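Spelled out from the first residue to the last, the chains are:
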Amino acid sequence: MRVLHDKATLKHKTVEILGAKFIDALECPQRVANILQAIKENGQHSIIAFDAAKQIGEDGTIADSLLSQMISDSHDAAYLTHLRTIHAEWVALGNIEAGESVIPECFPVMGISGTGDRPSTPRDSFARPGYYSFDLSTGICKDTWLAACASANLAVEAARCVVSGKDKEPADSQPSRACKEVLALCRPPGHHCTTRLAGGYCYINNAVVAVHALRHFGAKTGVAILDLDFHHGNGTQAYFYGDASVLYVSLHGEGEYPYYSGSTSEIGQGSGAGFNVNLPLPARSSFVTYLDTLNVAIERLETYAPECLIVSLGFDTFHSDPLGSFDLQTEHYGEIAAAVRRSRGLREVPSILLLEGGYVLDDLGPNMLSFLKGWELSV
Ligand code: SP5
Ligand code: ZN
């Protein structure tokens, strides 16, 4: 497996309100550090280090025009400006110290005004974090923007690897980069945020960016997203809800965070109807139950016959995860990967694995290695 990493992804470190406690966010730098360490020690995968920080100025502007385009094509411009500037603005106003994080104070929740409309962009800098996020787990520190851009850049580079037909560079410009399976060690994760709402530790939707990048590099037909994080990927679903050219399939905890999405009745709309598949599983689901449902997902993916597959890969399905309630063990990740990869219709499909959640620090490395072994052994 080719593994893409960027040390700038480790610079995002924030706080959250979880279960009525104000704590260091469970989504922390050590997650990726531990996975990377395990992959290095294992020695069977090639690691490519990117350095997006070189492309990003003091003021957060992105010099890399492709990355900038991929992010801005898929997210609201004022939202991106907010992510890029709010921390410095709050520090300048004296709201926080430089080492602290921006946390929302007030949300424009449905019904607040009786008009039914989303209120217009607030001028007040205390109002903006709530205007551009939906929970209290998505603080913004000094380097959040840098890390989120570096994370999205890994999704772009993963897409570059797996699609051979590039439209910008000559076809033979980077022959050594072609690779049909890539793991992007994205952090922060992406599947909860929408085009203008951060949430669930997510700021830029890396799966959405990956789809844009796949198109940019020449993917012409269907892209499928298999979301294996414990939580429903509401942001990814929202982005492709009306789009038949992207099939979204998710296995997740029923009725769990983000609470207001993920039911089986959400099937897509317009020409996208039938191309959104939610497969919620009850709390404490066993591996047997999980695998049965995974096979339903795989059948749907096979029928769709995608040109490329994106896996939103979360390990918060692990039995002891503080944010999950499934009963999966380390060896099960290998079986899950093998089940996907053994499928006749999917084994030849260029695939991008994007890291999402997973919060048991000591088990993240073994769980990732188990997944990668299952993925590769089964071909
Ligand atoms: C990427 C990702 O995994 N984001 C998940 C963010 C979840 N944040 C809030 C979870 C609240 C869970 N509350 C119930 C805990 C029961 N143990
Ligand atoms: Zn999750």
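Calculation notes
Residues numbered from 1 in each chain as written. Chains lettered and ligands numbered in written order. Predicted model: local features only at pLDDT ≥ 70, side-chain atom pairs only at ≥ 80, totals over all residues. Heavy atoms only, no water. Donors = N, O, S within 2.8 Å, 3.2 Å for Na, K, Ca; no water. Helix = DSSP H or I, 4+ residues; strand = E, 2+ residues; numbered from the N terminus. Buried < 20%, exposed > 50% of the residue type's maximum accessible area, 1.4 Å probe, protein only. Pairing = 2+ DSSP bridges. Axes fitted to C-alpha atoms, helices over the stretch in contact; angles between N-to-C directions. Contact = heavy atoms within 4.5 Å. Expected span 1.5 Å × (residues − 1). Arc of directions from axis to C-beta. Core = buried A, V, L, I, M, F, W, Y, C linked by side-chain atoms within 4.5 Å.

Q: Any chance you could explain the coordination of the zinc ion (ligand 2) here in plain terms?
A: Working reference: metal with six octahedral donors, ideal angles 90 or 180 degrees; metal with four tetrahedral donors, ideal angle 109.5 degrees. Coordination of the zinc ion (ligand 2) by the protein comes from Asp 229 (OD), Asp 229 (OD), His 231 (ND1) and Asp 316 (OD), over a distance range of 1.9 to 2.8 Å. Donor residues for the zinc ion (ligand 2) sit on one chain with the sequence pattern D-x1-H-x84-D. On the criterion of sequence distance, the pair formed by Asp 229 in the loop between strand S6 (223-227) and helix H7 (234-240) and Asp 316 in the loop between strand S9 (308-313) and helix H9 (330-342) is long-range, its members being 87 residues apart. With respect to class, Asp 229 is no different from Asp 316; both count as buried.

Q: What's the story with the sheet that holds strand S4 (residues 46-50) in this structure? I'm lost.
A: Remark on secondary structure: sheet strands pair via backbone hydrogen bonds, oriented parallel or antiparallel. Judged by pairing direction, the sheet is parallel, and its 8 strands sit side by side in the order S4-S1-S5-S10-S9-S6-S7-S8 without closing on themselves. Every interior strand has two partners, whereas the edge strands, S4 and strand S8 (276-281), have only one. Neighbour-to-neighbour, the strand axes of this sheet turn through a mean angle of 15°, independent of strand direction. As defined by bridge partners, strand S1 (residues 2-6) adjoins S4 across 5 bridges and the pair is classed as parallel. Considered in S4, the bridge of His 5 is made with Ala 49. Those strands touched by helix H6 (residues 206-216) are S6, strand S7 (246-253), S9 and strand S10 (351-355), and its axis lies near 165° from that of S9.

Q: Before we go on, may I ask you to explain helix H8 (residues 287-304) in this structure?
A: Along an α-helix, residues three or four apart share an orientation, since each turn contains 3.6 residues. The terminal C-alpha atoms of H8 lie 25 Å apart, and with 18 residues this matches the ideal 26 Å at 1.5 Å per residue to within 8%. Turning to H8, its buried residues number three or more, namely Phe 287, Tyr 290, Thr 293, Leu 294, Ala 297, Ile 298, Leu 301 and Tyr 304. The buried side chains of H8 occupy one side of the element, clustering within an arc of 155° when seen end-on. Residues of H8 that are exposed and point over 90 degrees away from its buried face: Val 288, Glu 299 and Thr 303. Contacts made by the buried residues of H8 are with S6, S7, S8, S9 and H9. With its phi angle positive at about 50°, Ala 305 sits one or two positions after the end of H8.

Q: What is the right way to look at the nonpolar core in this model?
A: Among the nonpolar cores identified, the biggest contains 61 residues, and Ile 204, Leu 214, Ile 310 and Leu 354 are the most heavily contacted of them. Apart from residues no more than four positions distant in its own chain, Leu 214 is found in contact with Ala 159, Val 162, Val 163, Ala 219, Val 223, Cys 308, Ile 310 and Ile 352. By size, the runner-up hydrophobic cluster in this structure holds 47 residues, among which are Ile 298, Phe 315, Val 340 and Leu 346.

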